[in-house]
Amino acid sequence: MNIPFNKPHMTGKELWYIAQAHANGHLAGDGNFTRQCSRWLEARTGASKALLTHSCTAALEMAAILADLEPGDEVIMPAYTFVSTANAFVLRGAVPVFVDVRPDTLNIDERLIEAAITARTRAIVPVHYAGVACEMDTIMDIARRHDLLVVEDAAQAVMASYKGRPLGAIGHMGALSFHETKNIISGEGGALLVNAPGRAERAEIIREKGTNRSQFFRGQVDKYTWVDIGSSYLPGELIAAFLWAQMEEADSITRRRLGIWNTYHQWFAEAERQGRLRRPVIPAHCGHNAHMYYLLLPGLEQRTAFIERLRGLGIHCVFHYIPLHDAPAGRRFGRAHGELSVTEDIADRLVRLPLWLGMEDAQAEIIQQVLAAL
């Protein structure tokens, strides 16, 4: 067998749309396909403004600029996340304050957030791990009472929801990813969802190198110029053309991924009852998107042996994050609030299984080998 952890999916229209973009003579950012993708996101999420970016990292960096952070300001987030969650704010001089995650969903433990708030706290960054929602009602209530911004890191959460509300569009801002490892892809790519209308105009300016170029093309100003800080956060039109082919099939892609996820979940139920592993937990009010299927094994030694055995069979399973509070830069630029015992425990035990469209015919064999390797 040769089963990679991930295999990028193509719907069949990507190259045709790329050819159309070339024929239109517009390959830089903000062409027809970019606008179609942005409108799709706004319609599907209800965000006031959706701005495509060249990565989710770029979207987080834009959110950090929009937050008007000053050196020494603090931003609360989990340590069990990708480096961009923290780095985007560190670049503005802010201090990531890491709190522990819940043992069930592996999302930030909302019960620990309020105790981590200080006079320097400016924002909360919930990360929707594996496309499963954080407890956003509680988080938004905390933010309201303490006058804090909420920036959702919804990199893994396209097409997922919390109590019927699309993730990324609940907080003041949300960042999405279309990296090739995500459900809806463009190779590299992302989007910033601006859910507070008062920030949309500045977000456009930041995205276009600090200029009011968008206002110029809408006829709102007679020339465009440098008006704010910013950078080149736009994706090229070829990226947007590829992404549009994926967005057209987003519902079908999600259904197929859920089918693979549910098959895994069903077959590992007995092993969980036997205490050999723990399966993902999906609260009833969370609509997940089957971004990832992971198992929690008894310990680091068992996980290492498990990964090596399956790799020997050609099945590539992988662990996930090294917690940021334990990373060299995490210790230098951030700080942990309290014990992060759950984070440290699950980081040693979590293993992700292959999940990509087209692996359905091999899934029974994968499951058989996973169970044999436990």
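Here the structure is a predicted model, which means the values were calculated and not measured.

Each helix and strand in the chain was counted, giving 14 helices and 13 strands. Expressed along its principal axes, the backbone C-alpha trace of the chain runs to roughly 70 × 55 × 35 Å. The proportion of buried residues among the 374 residues of the chain is 55%. Sequence-distant contacts, at least 24 apart, represent 70% of the contacts inside the chain between residues at least 6 apart. Just so you have it, the chain exposes about 15,600 Å², and 52% of that area is on carbon and sulfur atoms.

Let us look at the UniProt feature "active site" (unreviewed entry) in the chain. Taking the numbering used here, the UniProt-annotated feature "active site" (unreviewed entry) corresponds to Lys182. With respect to the helices, strands and loops of the structure, Lys182 is situated in the loop between β8 (173–177) and β9 (190–194). Excluding its chain neighbours within four sequence positions, the residues that come into contact with Lys182 are Ala155, Gln156, Ser177 and His291.

Applying the stated criterion across every chain, the model contains zero disulfides. Just so you know, Cys56 is unpaired, no disulfide at all, and the nearest cysteine sulfur is the one on Cys134, 14 Å from it. Of all cysteine sulfurs in the structure, the one in Cys134 sits closest to Cys286, which takes part in no disulfide; the separation is 8.7 Å.

Turning our attention to a negative patch on the surface. Together, Asp326, Glu339, Glu344 and Asp348 make up a negatively charged patch on the protein surface. Here Glu344 falls in the partly exposed class, since its relative accessible area comes to 34%.

Here we come to the sheet that holds strand β10 (residues 286–287). Read from one edge of the open sheet, three strands run β7-β6-β10, paired in antiparallel fashion. Each edge of the open sheet is held by one strand with a lone partner, namely β7 (165–166) and β10. Here strand β6 (residues 161–162) runs beside β7; their pairing, made up of two bridges, is antiparallel. Of the residues in β7, the one forming a bridge with Tyr162 is Arg165.

So, about the side chain of Lys182. The buried charged residue Lys182 lacks any salt bridge, with Asp153 as its nearest oppositely charged partner at 8.0 Å. A polar side-chain atom of Lys182 sits 3.4 Å from a polar atom in the side chain of Thr181.

This part is about unusual backbone geometry. Phi at Lys209 is positive, roughly 65 degrees, even though this residue is not glycine. Turning to its location among the elements, Lys209 is positioned in the loop between α6 (200–207) and α7 (213–217).

So, on to the pairing of β8. When you tally the buried positions in β8, you get five out of five residues, the bulk of the element. Side chains of β8 alternate between two faces, with Met173, Ala175 and Ser177 and Gly174 and Leu176 buried alike. As paired elements, strand β5 (residues 149–154) and β8 share four bridges and run parallel to each other. When the sheet's bridge partners are listed, Asp153 is paired in β8 with Ala175. Bridge analysis of β8 against β9 gives five bridges, and the strand direction is antiparallel. Opposite Leu176, over in β9, you have Ala191 as the bridge partner.

Under the defined criterion, the tally for this structure stands at 22 salt bridges. Between Glu360 and Arg256 there is a salt bridge whose closest N-O contact spans 3.2 Å. Taken together, the positions of Glu360 in the loop between β13 (350–352) and α14 (363–373) and Arg256 in helix α9 (residues 250–267) put the pair 104 residues apart, joining distant regions of the chain. Residue Glu360 is classed as partly exposed on the basis of its relative accessible area, which comes to 29%.

This next bit is on the packing of aromatic side chains. Aromatic ring pairs are reported here in terms of the distance separating the ring centres and the angle at which the planes meet. Under the definition given, this model contains nine aromatic pairs. Here Tyr129 and Tyr294 contribute two aromatic rings whose centre-to-centre distance is 5.9 Å and whose plane-to-plane angle is 55 degrees, an arrangement assigned as tilted. With Tyr129 in the loop between β4 (121–124) and α5 (136–146) and Tyr294 in strand β11 (residues 294–296), the pair connects residues that are 165 residues apart, well separated along the chain. Ring geometry for Tyr264 versus Phe268: centroids 5.8 Å apart, planes at 15 degrees, classification stacked. Given the relative accessible area of 0%, Tyr264 is considered buried. Every member of this aromatic cluster is reached through a ring pair, and the members are Tyr80, Tyr129, Tyr294 and Tyr321.

This part is about α9. Compared with an ideal rise of 1.5 Å per residue, which puts 18 residues at 26 Å, α9 spans 26 Å between its outermost C-alpha atoms and is within 8% of the ideal. When α9 is considered as a whole, its buried residues turn out to be Ala250, Ile253, Thr254, Arg257, Ile260, Trp261, Tyr264 and His265. Each buried residue of α9 sits inside an arc of 140 degrees when the element is viewed along its axis, so together they form one side. Within α9, the exposed residues directed more than 90 degrees away from the buried face are Arg255, Gln266 and Trp267. Against α2 (32–45), α8 (237–248), α10 (269–273) and α14 lie the buried residues of α9.

Reading the values: rules and limits
Residues numbered from 1 in each chain as written. Predicted model: local features only at pLDDT ≥ 70, side-chain atom pairs only at ≥ 80, totals over all residues. Heavy atoms only, no water. Helix = DSSP H or I, 4+ residues; strand = E, 2+ residues; numbered from the N terminus. Buried < 20%, exposed > 50% of the residue type's maximum accessible area, 1.4 Å probe, protein only. Contact = heavy atoms within 4.5 Å. Areas by Shrake-Rupley, 256 points an atom, 1.4 Å probe, with all protein chains shown as cover. UniProt positions renumbered as here; feature names shortened; annotations may be inferred. Disulfide = S-S within 2.5 Å. Patch = residues over 30% accessible without salt bridge, like charges linked within 9 Å, V, L, I, M, F, W, Y side chains within 5 Å. Salt bridge = Lys/Arg side-chain N within 4 Å of Asp/Glu carboxyl O. Lys, Arg positive; Asp, Glu negative; His and termini not counted. Charge placed at Lys NZ, Arg CZ, Asp CG, Glu CD. Pairing = 2+ DSSP bridges. Polar contact = N/O pair within 3.5 Å; in protein donor to acceptor, adjacent residues only side chain to side chain. Phe/Tyr/Trp six-rings, centres within 6.5 Å; stacked < 30°, edge-to-face > 60°. Expected span 1.5 Å × (residues − 1). Arc of directions from axis to C-beta.

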